[in-house]
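Structural overview
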Amino acid sequence: MPARLKLFLPLILFAVLALFLFRGLELDPRELPSALIDRPLPEFALPALGEARQLTRADVTGEVALFNVWATWCVSCRVEHPYLQQLADLGVRIYGVNYKDEDDAARRWLDELGDPYLANIADHEGSLGLDLGVYGAPETYLVDAGGIVRYRHVGVVDERVWQEVLEPLYRQFSEEVRSR
Amino acid sequence: MKLILQALALALMLFQGTALAVIETYEFSSPELEQRYRELSQELRCPKCQNQNIADSNAPISQDLRKLLYQQLEAGANDEEILDYMVARYGEFVRYRPSFSGATAILWLAPVLLLLAAIAVAALVLRARRDASAGLTAEDQQRLDTLLRQAGDGEKDT
């Protein structure tokens, strides 16, 4: 190696390191890839919140929908709630997974703040949450018409998340159904 | 001696910290299960936390996973079944020693590759150094002597 080039070695190393560190600034270590992506939504049989019926996987699949994992003890869920209501008003299909919550508290929440959900799965023990790989509310899963999990968002769904990530996927999978 | 005692005290404190972190206790049907519970709960990583195993973490998800681990052990599942069950739900992240696959290959291979790279660089540097000090040719030696003599003369002048 020519001696002159050797002089630049530290600079090159620094540049490479800086590039990696700069990239690292934008990465969120909390964002785990879900193990369920491109796998079917797990089977379950759980009561519907505020209704006398049982819900199973077959009841909530068949069309593209969001599955929002929420609970009354979850502060961020309250932040997220008005935006979910807006989405529901636009016709977005949202199911709720009421995660490790009490039915009374959950029903009161929906009465007071509005109910954006087509139905709520009352997951008292967190068994569906476990099968989904939920590690904290809120989480939102996008499930396609075939009942396959396509995306998982951890944290609050807001306008930015919806427009940049969820809406394109929601549209894409909705169109796939129509073209079939 | 005092230093050793201080180090021991510190080690004891740190050790206690981890021992006290778990609140709930489970009654195991055999000491062997309890031992496996302890090993697996150290091996499994809390998905909510960035770097804690489920034995040390107080996060609700860790409590759930400990309970699940207990139930599965009592139900007679072997270690592999339990780990597969966890990985199927939480991904390889949940294991501190992920299995070898395309996605985790870099984790396992990087230390070996870095070591090999370091050895290669060290070999190159050492060889270059040996070549440089391999001794001067007669011609070079003569030039050196001349230069040294000139420098010596120069010093006398001033």
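The text that follows walks through the structure, step by step, so that each part is easy to find. Starting afresh in each chain, residues are numbered from 1 along the sequence in its written order. Chains and ligands are labelled sequentially in the order written, the chains with letters from A and the ligands with numbers from 1. Per-residue local features are limited, in this predicted model, to residues with pLDDT of at least 70; the limit for side-chain atom pairs, both in listing and counting, is 80 or more; totals at the level of whole chains, interfaces and linings are taken over all residues. Each side-chain value is derived from all of the structure's non-hydrogen atoms; neither hydrogens nor water enter the calculation.

Here the focus is the interface of chain A and chain B. On the chain B side, the residues contacting the 16 residues of chain A number 16 residues. For the pairing of chain A and chain B, the buried interface totals around 1,200 Å² over both sides, and the portion due to carbon and sulfur atoms is 54%. Put simply, buried area is how much 1.4 Å-probe accessible surface two parts lose in total, over both of them, once they are put together. The largest per-residue losses of area from chain A upon contact with chain B belong to A:Leu32, A:Leu130 and A:Tyr135, which jointly make up 43% of the total buried on that side. Any Lys or Arg side-chain nitrogen located within 4 Å of an Asp or Glu carboxyl oxygen qualifies as a salt bridge. At the boundary of chain A with chain B, the tally comes to 2 salt bridges. The partner of A:Lys100 in a salt bridge is B:Asp64, and the shortest N-O contact between them spans 2.3 Å. N or O atoms closer than or at 3.5 Å make up a polar contact, with two conditions inside protein: a donor-capable atom paired with an acceptor-capable one, and, for residues adjacent in sequence, both atoms drawn from side chains. Put simply, chain A and chain B have 3 residue pairs in polar contact (both at pLDDT 80 or more) between them. Residues count as neighbours in contact if any of their non-hydrogen atoms are within 4.5 Å of one another.

Attention shifts here to the state of the cysteines. Residue and element names in this part refer to chain A. Two cysteine sulfurs form a disulfide in these notes if their separation is within 2.5 Å. Enumeration according to the criterion identifies 2 disulfides over all chains in this entry. Across the disulfide, Cys-74 is cross-linked to Cys-77 (sulfur-sulfur distance 2.1 Å). The chirality of the disulfide connecting Cys-74 with Cys-77 is right-handed, given an S-S dihedral of about 90°. Pair check on accessibility: Cys-74 and Cys-77 agree, each one buried. Exposed residues in this analysis have more than 50% of their type's maximum accessible area, buried residues have under 20%, and partly exposed residues fall in between, with area computed by a 1.4 Å probe over protein chains only.

Moving on, we get to the packing of aromatic side chains. Each pair of aromatic rings taken from Phe, Tyr and Trp, with Trp reduced to its six-membered ring, is defined by centres within 6.5 Å and is described as stacked if the planes are under 30 degrees apart, edge-to-face if over 60, and tilted in the remaining cases. Within the structure shown, the criterion is met by 9 aromatic pairs over all chains. Where A:Trp70 meets A:Trp109, the ring centres are 5.3 Å apart and the plane angle is 35°; that geometry is what we call tilted. On the criterion of sequence distance, the pair formed by A:Trp70 in strand 3 (residues 65-70) and A:Trp109 in helix 5 (residues 103-113) is long-range, its members being 39 residues apart. A:Trp109 shares its class with A:Trp70; the two are buried. Within the aromatic cluster, the residues linked to one another by ring pairs are B:Tyr26, B:Phe28, B:Tyr37 and B:Tyr70. To qualify as a helix, a DSSP run of H or I must reach at least 4 residues; to qualify as a strand, a run of E must reach at least 2; elements of each kind are numbered from the N terminus.

Quick look at the pattern of salt bridges now. Residue and element names in this part refer to chain A. In this structure the tally under the stated criterion is 15 salt bridges over all chains. Measuring nitrogen to oxygen at the nearest pair gives 3.8 Å for the salt bridge that ties Glu-26 to Arg-23. Taken together, the positions of Glu-26 and Arg-23, both in helix 2 (residues 9-26) and 3 residues apart, correspond to about one turn of that helix. For Glu-26, a relative accessible area of 59% translates into the label exposed.

On to the nonpolar core, then. The set of buried Ala, Val, Leu, Ile, Met, Phe, Trp, Tyr and Cys residues whose side-chain atoms join them within 4.5 Å is what this entry labels a nonpolar core. By size, the foremost hydrophobic cluster in this structure holds 47 residues, and its most contacted members are A:Leu41, A:Phe44, A:Phe67, A:Ile121, B:Ile61, B:Leu65 and B:Leu73. Only strand 3, strand 4 (94-99), helix 6 (127-132) and strand 6 (139-143) of chain A together with helix 2 (31-43), helix 3 (60-74) and helix 4 (79-90) of chain B provide two or more residues apiece to this core. In terms of residues, this core owes the most to one element, helix 3 of chain B, which gives 6 residues. Counting residues in each nonpolar core, the second largest holds 26 residues, with A:Cys77, A:Leu110, A:Ala137 and A:Val161 among its members.

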